Structures are given as structure tokens and as C-alpha cells.
Amino acid sequence: MSVKISFFAGFLLANIAVAQEKFEPYTQNLEGTPLSFTMQPVPGGEFDMGSEKGNPDEQPVHRVKVDPFWMGTYEVTWDLYEPFVYKDFEVSRSGGSIPSDVDAVTRPTKPYLDMTFGMGKEGQPALAMTQYNAIQFCKWLYARTGVFYRLPTEAEWEYACRAGTTTEYHFGEDPSALDEYAWYRSNSGGKTQRVGQKKPNAWGLYDMHGNVAEWTYDQYIADFYSQFSEETADNPVAVPDKLYPHSIRGGSFEDDAAGLRSAARLPSDPSWKQLDPQIPKSNWWFPEAPFIGIRLVRPLNPPSEAEIKAYYDKAPIQDY
């Protein structure tokens, strides 16, 4: 297992100058298309990660330092994700042609199921993709925009969700208030809902609790926090080198209140591929996981071109 304490070594050395843009909310347009999405600034800082009230894998509570980044205001929706999945759809959304570097990005195999599971597309969170699929989507965005987007680390995700709070949820301790902030088992009707209908957290991020759970970049290691019990972890990440399990955060429309807590962790599971008839199993889809989606991160200080390539171009690990 490879474990880095600093995410993407050399960030600060290679990128001493702060990004030219003001560190404020912005809209990312995809040139040549009507597509866009919005990003919220998440200031760097320190926080206590984990929960003494939660499961053993959330302990010990430990101090973590996180560098500043932008995070998607909303979970990625099918409106943005579908042109990546279907090249012909992207061509139609791009006035009949797409740039060659965009065309060169590897895309998912066409799913044999309705990957919306009947829950709809417009304004609805994209779902049921593998972590590899999610990272290739980020690569497609990079080809489209020239901006490095990636998955959050577990530490970044929890820091952003908490938005300065130390309570079990970003709005407090009382789960009875969840209806104001989240779609979950008691109010979702057993399906996803359009993003952004509930109240955001203090940093302007919607649906951090519920709707769809969200991929992080980390390998899921149940006792990962134990190494930081007596130190401040500096941008920690468990760099993935195995196919299973990876860490998922936020809880979904299927989960009860406890699964939506800011510190709650979920490991990915090969059983989510049971309906997949391909041999070997698809690198792209989880046919039995219609509860997993994506939220984008953009670091304030971007990595080097070599680091970006290394992040996007890892060969997929054969599934089983």
C-alpha cells in the first residue's frame, strides 16, 4: 500500500505563485457547447477529522491540514456527464464537431442498462460510475477546458462538508433537521432528486449530505486514521493501488440519517458488479450501485503537467 501524506508531491515547489484568478465562486463554461458548471472556493485550514460517536473506521479523531481548493457547488449532473458517456451526443451538443484532443479521451463502453435507473437526467446527479470512470470524466473536462479537475481526497471532502463545524452534520447534531438539507431514506421516495433543492452548507455546497454518495480518490483503509493520532496530518491521502475498496462519502437517497454524517465512510464493494455480464467485469459501471456520484475539486495551486498526466493516465485494474 502506497500512502502519501502530501497530495501530489511537489505542488508547492512547482507552483509557488498562487493561481491568477481571484479565489471566489466561478462558472466553468465548456467552449463550443451550452454546458457549464459552478465551483465554490473552500479556504485552506485545519480541522478535526473523524468522529468519536461514529464507527471504528472514523477514529481516532485527528487534526488535519488542508490546502485551499474549489469544489463543485453541486454533484455532477447527467446534463454534463452524458456528453462524456456518448460521443455522438457530445458532437450534437458541440455544433457537429469536437476538438481532436477531446476526441482522444477514452470513454465508457456504452452501458447495456438505463444507468439513470428510471430516475431521470435533467438536473439529476449522474450515477453508478466506477472510480476509474469518474477520473476519466475529469480527464475529459481537462481536455475540454484546460483546467485540472479531480476527485476530492477523503480529507478534503470531510473538510468541505463540515464547513467549519465540529458537529455530526454540517448544520448541527440533530438529525431531525436533515429534511431541510438532504435527500435520504425518509424523504427521497427511493430515488435521486434534482440537485440544489435543499439548503447548502456554510460554504455554499449543496447536497453534501445525501442524494448520491460521492467518490473520493482514496483507497479505503479502515484504520488509516491511527497513524495520525499524535500529529497533524498534512493533506493526507491513501493513494489507491488496489481496485477495492475505495472510499465513498456523503451517504445517498437510500441511506438512513447515520450514513449521512460528515465523518461517515463507505467502502466500495465488488458485489456492486453482480449484474454485469461482461467477462472481465466492466471498468466503467456499477450496475447495482445507483447511489454513487461525483463532485469535482480543483486545487488552488495546480500540479505540474507530469503530475496531471500521472493522475489521469493510470491503467485500469482488471475487475473480477
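Calculation rules
Counting from 1, residues in each chain are numbered in the order their sequence is written. Only residues with pLDDT of at least 70 get local features here, since the model is predicted, and only at 80 or more are side-chain atom pairs given and counted; chain-wide, interface and lining totals rely on the full set of residues. Only hydrogens and water are removed before side-chain values are computed, so all heavy atoms of the structure are retained for them. We count a stretch as a helix when DSSP gives it H or I for four or more residues in a row; a strand needs E for two or more, and each element gets its number in order from the N terminus. The globule rule used here is 2.2 Å times the number of residues to the 0.38 power, and the radius of gyration it is set against is calculated over C-alpha atoms. With a 1.4 Å probe rolled over the protein chains alone, any residue whose accessible area is under 20% of its type maximum counts as buried; one over 50% counts as exposed, and the rest are partly exposed. Between two residues, a contact is recorded if the distance between any of their heavy atoms is within 4.5 Å. Per-residue and other accessible areas were derived by the Shrake-Rupley procedure at a 1.4 Å probe size, with only the shown protein chains allowed to occlude residues. Neither His nor the chain ends contribute to the count of charged residues, in which Lys and Arg are positive and Asp and Glu negative. Where a charge sits is defined by one atom per residue type, namely NZ (Lys), CZ (Arg), CG (Asp) or CD (Glu). Pairing between two strands requires that DSSP report at least two bridges joining them. A pair of cysteine sulfur atoms is labelled a disulfide when the two atoms are within 2.5 Å. By convention, a stacked pair of Phe, Tyr or Trp rings (six-membered ring in the case of Trp) has centres within 6.5 Å and planes under 30 degrees apart, an edge-to-face pair has planes over 60 apart, and any other such pair is tilted. A pocket, in this scheme, is an open set of points on a 1 Å grid over the protein atoms alone with protein on both sides within 12 Å along at least 5 of 7 lines, while a cavity is a set where a 1.4 Å probe fits but cannot get out; residues line either one if an atom lies within 4 Å of a point. Grid points are joined across faces, edges and corners, and a volume is the space filled by probe spheres set on the points. Charged residues are taken to be Asp, Glu, Lys and Arg, nonpolar residues to be Ala, Val, Leu, Ile, Met, Phe, Trp, Tyr, Cys and Pro, and polar residues to be all remaining types, Gly included. Every axis in this analysis is a line fitted to C-alpha atoms, fitted for helices over the stretch in contact. Angles between the N-to-C directions lie between 0 and 180 degrees. Roughly parallel refers to an angle under 35 degrees, roughly antiparallel to one over 145, roughly perpendicular to one between 65 and 115, and oblique to any angle outside these ranges. The salt bridge definition used is simple: a Lys or Arg side-chain nitrogen within 4 Å of an Asp or Glu carboxyl oxygen.

## Things to note about the overall build of the chain
Phase 1: Helices and strands together make up the secondary structure of the chain, namely seven helices and eleven strands.
Phase 2: For a compact globule of 320 residues, the expected C-alpha radius of gyration is about 20 Å, and the chain comes in at 19 Å, within 12% of that figure.
Phase 3: Oriented by its inertia axes, the alpha-carbon framework of the chain measures out at about 55 × 50 × 40 Å.
Phase 4: Burial status across the chain gives 55% buried among its 320 residues.
Phase 5: Nonlocal contacts in the chain, meaning residues at least 24 apart in sequence, comprise 76% of its contacts between residues at least 6 apart.
Phase 6: Of the roughly 13,300 Å² of accessible surface on the chain, 52% is carried by carbon and sulfur atoms.
Phase 7: Once the 29 positive and 44 negative side-chain charges of the chain are each reduced to a mean point, those two points are 4 Å apart.

## Description of the pairing of strand β5 (residues 69-72)
Phase 1: Here β5 shows two buried faces, one formed by Phe 69 and Met 71 and the other by Trp 70 and Gly 72.
Phase 2: Bridge count between strand β2 (residues 36-42) and β5: four bridges; the pairing is antiparallel. Bridge pairing in β5 links Pro 41 to Trp 70.
Phase 3: Of the strand pairs in this sheet, β5 and strand β11 (residues 297-299) are connected by three bridges, and their pairing is antiparallel. The residue bridging Phe 69 from the neighbouring strand is Pro 299, located in β11.

## Structural notes on the state of the cysteines
Linking two cysteines covalently via their sulfur atoms produces the bond known as a disulfide.
Phase 1: This model, assessed by the stated rule, comprises zero disulfides.
Phase 2: Distance from the sulfur of Cys 161, which forms no disulfide, to the nearest cysteine sulfur (Cys 138) is 19 Å.

## Quick look at the packing of aromatic side chains
Phase 1: For the structure shown, the criterion picks out 27 aromatic pairs.
Phase 2: Centroid distance Phe 171 to Tyr 181: 4.6 Å. Interplanar angle 10°. Geometry classified as stacked. With Phe 171 in the loop between α6 (154-162) and β6 (213-219) and Tyr 181 in the loop between α6 and β6, the pair connects residues that are ten residues apart, well separated along the chain.
Phase 3: Given a relative accessible area of 16%, Tyr 181 falls into the buried group.
Phase 4: Summarising the aromatic geometry, the rings of Tyr 244 and Tyr 320 are spaced 5.5 Å apart at their centres and angled 75° between planes, so their arrangement reads as edge-to-face.

## Considerations on the layout of surface pockets
Phase 1: For the largest pocket, the calculated volume is near 370 Å³.
Phase 2: Lining the largest pocket are 25 residues, and of these Gln 131, Tyr 132, Leu 243, His 246 and Ile 317 sit closest to its centre.
Phase 3: When residues of the lining of the largest pocket are traced back to their parent elements, those giving at least two are α5 (131-145), β6 and α7 (305-312).
Phase 4: Here the element with the most residues in the lining of the largest pocket is α5; it accounts for four residues.
Phase 5: Residues belonging to the lining of the largest pocket are distributed by class as follows: 13 nonpolar, seven polar and five charged.

## Digging into the packing of helix α2 (residues 78-85) against α5
Phase 1: At their nearest, the axes of α2 and α5 sit 10 Å apart, and the two run at 90° to each other. In this view, α2 runs roughly perpendicular relative to α5, as classed from their interaxial angle. Side by side, α2 and α5 meet where Leu 80, Tyr 81, Pro 83 and Phe 84 of the first sit next to Asn 133, Gln 136, Phe 137, Trp 140 and Leu 141 of the second.
Phase 2: Residues that form the contact of α2 with α5 fall into these classes: seven nonpolar, two polar and no charged.

## Let's talk about the pattern of salt bridges
Phase 1: Under the counting rule described, the total for this entry stands at 18 salt bridges.
Phase 2: Notably, a salt bridge pairs Glu 180 with Lys 199, separated by 2.6 Å at the nearest N-O pair. With a gap of 19 residues between them, Glu 180 in the loop between α6 and β6 and Lys 199 in the loop between α6 and β6 connect regions that are remote in the sequence.
Phase 3: Judged by its relative accessible area of 38%, Glu 180 is partly exposed.
Phase 4: A salt bridge links Lys 273 to Asp 319, with the shortest nitrogen-to-oxygen separation between them at 2.2 Å.

## Some thoughts on empty space enclosed by the protein
Think of a ball as big as a water molecule: rolled over the atoms, this probe shows where empty space is left.
Phase 1: Using the criterion set out here, one finds one cavity of 30 Å³ or more in the structure.
Phase 2: Space inside the largest cavity adds up to approximately 50 Å³.
Phase 3: Considering the residues around the largest cavity, the lining is formed by Met 49, His 62, Glu 154, Ala 155, Asp 218, Phe 224, Tyr 225, Phe 228, Pro 236, Val 237 and Arg 265.
Phase 4: The residue makeup of the lining of the largest cavity, split by class, is seven nonpolar, one polar and three charged.

Take it as geometry only, folks, not as evidence of what the structure does.
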